[in-house]
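# Examining the three-dimensional arrangement
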Amino acid sequence: MARGSRSVRIRRLRLADHPAVVGLLRAAGMTPRTRGRDGRAAFARQLRSNRTRYLGAFDRTRLVGVVLGTHDTRKGWINRLAVHPGYRRRGVATRLVRECERTLRKAGIEMFAALIEGDNAASEALFRKLGYDTGRLIYARKKLRPDV
Ligand SMILES: CC(C)(COP(=O)(O)OP(=O)(O)OC[C@H]1O[C@@H](n2cnc3c(N)ncnc32)[C@H](O)[C@@H]1OP(=O)(O)O)[C@@H](O)C(=O)NCCC(=O)NCCS
């Protein structure tokens with residue numbers, strides 16, 4: 001396994017990467033909604049949108065980090081940021097977020113946001129280091145079905 005992150009390269013994700021993305025999200029302790037927004041058909045649809053910037057960090061051919069960047073024309077959203085446990089604290093997430101912001105800026109986006117669970121100290125520390133303000137907000141959401 002690589003010790004630094006210099007051997008890790010970032011590139012746009014493709015549909016063929018979908019199984020690896022799901023595997024990585026699981027390895028990172030997340031719960032990919034494979035019957036919903038993280039499923040293959042949804043992923044394919046999202047990749048075709050000009051509002052997505054889906055990036056993977058690869059150690060040779062192995063996916064070790066992911067960020068699903070989107071924008072809603074007003075702000076950019078950093079979604080599903082995840083790094084494999086064996087590759088953490090080497091700046092992989094930092095590189096992914098910066099590259100995601102860079103590509104979103106090309107679409108005229110000048111404000112970026114992420115939703116962070118209240119007990120996710122690592123993610124809060126990361127985003128604060130990257131210049132994000134964190135405040136306590138109430139997140140309201142409605143799902144039309146449980147596994148969306
Ligand atoms: C959060 C996560 C993406 C960070 O990935 P990473 O590649 O290890 O992050 P980086 O190496 O770029 O860290 C940059 C900085 O963030 C902060 N940070 C990252 N992980 C941290 C941790 N566990 N505890 C405290 N600070 C942390 C540090 O300031 C770090 O700089 P340093 O290593 O020089 O001290 C990773 O821990 C992860 O995948 N967690 C599970 C999924 C998740 O929670 N995703 C975020 C959803 S909002």
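Here's what I pulled together on the structure shown here. Predicted, not measured: the structure shown is a model, and the values here were computed from it.

A word on the overall build of the protein. Scanning the protein from N- to C-terminus turns up four helices and five strands. Starting at the N terminus and ending at the C terminus, the protein contains elements arranged as β-α-α-β-β-β-α-β-α. Relative to a compact globule of 148 residues, whose C-alpha radius of gyration would be 15 Å, the protein shows 15 Å and is just as compact. Considered along the principal axes of its C-alpha atoms, the protein spans approximately 40 × 35 × 30 Å. When contacts within the protein are restricted to residue pairs at least 6 apart in sequence, long-range pairs at least 24 apart make up 62% of them. Counting every atom, the protein has about 9,600 Å² of accessible surface; 48% of that belongs to carbon and sulfur. Of the charged side chains in the protein, 35 are positive and 12 negative; the average position of the first set lies 5 Å away from that of the second.

Take the site of the ligand next. Around the ligand there are 19 residues in total, and L81, R89, G91, T94 and N120 lie nearest to it. Within the backbone of L81, a nitrogen or oxygen atom sits 2.7 Å from a nitrogen atom of the ligand. Protein contacts shield 76% of the accessible area of the ligand, which totals 920 Å² for the unbound molecule. Counting residues per element, the ones that place at least two in the shell around the ligand are β4 (76–83), α3 (92–105) and α4 (121–129). Take the shell around the ligand: its biggest share by element is five residues, from α4.

Another point: the environment of I116. Structurally, I116 is set in the loop between β5 (112–113) and α4. Judged by relative accessible area, I116 falls into the partly exposed class, the value being 29%. Expressed as a C-alpha distance, the spacing of I116 and F127, which sit 11 residues apart in the sequence, is 9.3 Å. In contact with I116, not counting residues within four places along its chain, are S123, E124 and F127.

Calculation notes
Numbering of residues starts from 1 in every chain and runs along the sequence as written. Thresholds applied to this predicted model are a pLDDT of at least 70 for local features of residues and 80 or more for the giving and counting of side-chain atom pairs; totals over whole chains, interfaces and linings are not thresholded and use all residues. Where side-chain values are given, they derive from all heavy atoms of the structure, hydrogens and water being excluded. Only DSSP runs of H or I reaching four residues or more are called helices, and only runs of E reaching two or more are called strands; each is numbered from the N terminus. Note that the radius of gyration is over C-alpha atoms, with the globule rule given as 2.2 Å times the number of residues to the power 0.38. It only takes one pair of heavy atoms within 4.5 Å for two residues to be counted as in contact. Surface exposure here means Shrake-Rupley accessible area, sampled with a 1.4 Å probe, where a residue is shielded only by the protein chains that are shown. The charge count treats Lys and Arg as positive and Asp and Glu as negative. His and the chain ends do not count. By convention, the charge on Lys lies at NZ, on Arg at CZ, on Asp at CG and on Glu at CD. Whether a residue is near a molecule or strand depends on its heavy atoms: if one lies within 4 Å, it is near. What qualifies as a polar contact is a pair of N or O atoms within 3.5 Å, subject to a donor-acceptor requirement within protein and to the restriction that residues adjacent in sequence count only when both atoms come from side chains. Buried, partly exposed and exposed residues are distinguished by accessible area as a fraction of the type maximum, computed with a 1.4 Å probe on protein chains only: under 20%, between the cut-offs, and over 50%, respectively.

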